Amino acid sequence: MSYAQLIGDWQALVVLFVAGVVPNQIWRMLGLWFGGGIDEGSELLVWVRAVATAILAGVIAQIVVQPPGALASVPDGLRYGAVAAGLVAFLLTRRSIFAGVVTGEVFMLAGKWWLG
Amino acid sequence: MALPPLDSLQWNSPWLAFGWGLRSITQTILTLVLFATYLGIGALAHDTHFSLLWALCSTLFVWAGPAQIILITTLGSGATIIQSAIAVTVSAIRLFPMVVSVLPLMRTPTTKRRELFFAAHLTAVTLWVECHRFLPLVPRERRIAFVNGLGFGLVSVCLTANTVGYFLAANLTQTLGAAILMLTPLSFLFSTARNSREVADVVALALGVLLYPLAAKMNSGLDILVSGLIAGTIAYGVHWWREVRA
């Protein structure tokens, strides 16, 4: 493993702080400073939580639909099938995260092996 | 392992409480889920050409799985810093109500704000869930130390997982590398689905997944924000409609 892979350049770390650390941390610090006066069940927070959940859902979809790196070597149908198989297992086991993840992984690996 | 009774001498010092918090990471399946998730994040960082140090810093300083994945995938697919920052900050808004609701559990009348700094930083969905489970079993004046111990343990597990995932992605065959990358969408999909208590949450999750491919066709660079705003607002509409009818 090279130096670039282990450490990288400092510009990338600056981007991490500007695009990642600050926009994320600001909400925790606001909670620390202004906590107390906010009703957790308020309508605004219900909307915010729904949008945040949908953004995360979009990211999940992006990784499966436009896969990075090695995941791109798995055919489209097999990736979608793995998510579907995991979902079935998750629902059948009364929402076991473990069962869903393992089933999805096994489906994908078995399919890859089957296809050669 | 069971926590000692509230009046036990085992709670006599903050360091003992820190130790009990640290050991409590062995008492939850969520530690395993976090390990799998951060294994995936390490592999994802490798395959989108970020350095290992970068991945570890993101875990240490961001400490929110969804934000880290959003950051890595958006930057990795060519989004600008502003676009990534917006997507990250929207995903992080949920931390605000979490911090607001979790800190009163460990506050005493004499607690200073700076004593809660690390607890606030460590707050993310896993810690939030575990605080509600463990803290009633911890004496109030030792809760901050306990949470710091619990959070320290979880961060350590995730840093280890990042490193292992990064090296595995670099050295494994393509198929096993793909399997590790697949851990991320699977573990996030199912842990989010499991935390969805209300109809609005389920609608937001399902619509968010289904709308993304459509939004991506527009190729605006804001795909994730567009599909997230539309799906989230529809989900909120469903919630509002049910409230009105009830």
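Residues numbered from 1 in each chain as written. Chains lettered and ligands numbered in written order. Predicted model: local features only at pLDDT ≥ 70, side-chain atom pairs only at ≥ 80, totals over all residues.

1. Quick word on the overall build of chain A
Per the secondary structure count, chain A includes five helices and zero strands. N-terminal to C-terminal, the α/β element order of chain A is α-α-α-α-α. Counting only C-alpha atoms and orienting by the principal axes, one finds that chain A spans roughly 55 × 45 × 20 Å. Buried residues in chain A amount to 40% of all 116 residues. Expressed as a percentage of contacts within chain A between residues at least 6 apart in sequence, the contacts between residues at least 24 apart total 32%. (Helix = DSSP H or I, 4+ residues; strand = E, 2+ residues; numbered from the N terminus. Buried ≥ 20, exposed ≤ 12 C-beta atoms within 10 Å, placed from the backbone. Contact = placed C-beta atoms within 7 Å.)

2. Some thoughts on the domain arrangement of chain A
Assigned domains of chain A: these are domain 1 (8-38), domain 2 (39-68) and domain 3 (74-116). Here the C-alpha centroids of domain 1 of chain A and domain 3 of chain A sit 35 Å apart. (Domains from an automatic or database assignment.)

3. Section: the environment of Leu116 of chain B
With respect to the helices and strands, Leu116 of chain B occurs in the loop between α6 (95-102) and α7 (117-122). Looking at Leu116 of chain B, the number of C-beta atoms within 10 Å reads 21, which means it is buried. For the pair formed by Leu116 of chain B and Asn148 of chain B, sequence separation is 32 residues and the distance between their alpha carbons is 9.4 Å. With sequence-adjacent residues up to four places away left out, Leu116 of chain B is seen in contact with Leu32 of chain A together with Leu103, Thr111 and Ile144 of chain B.

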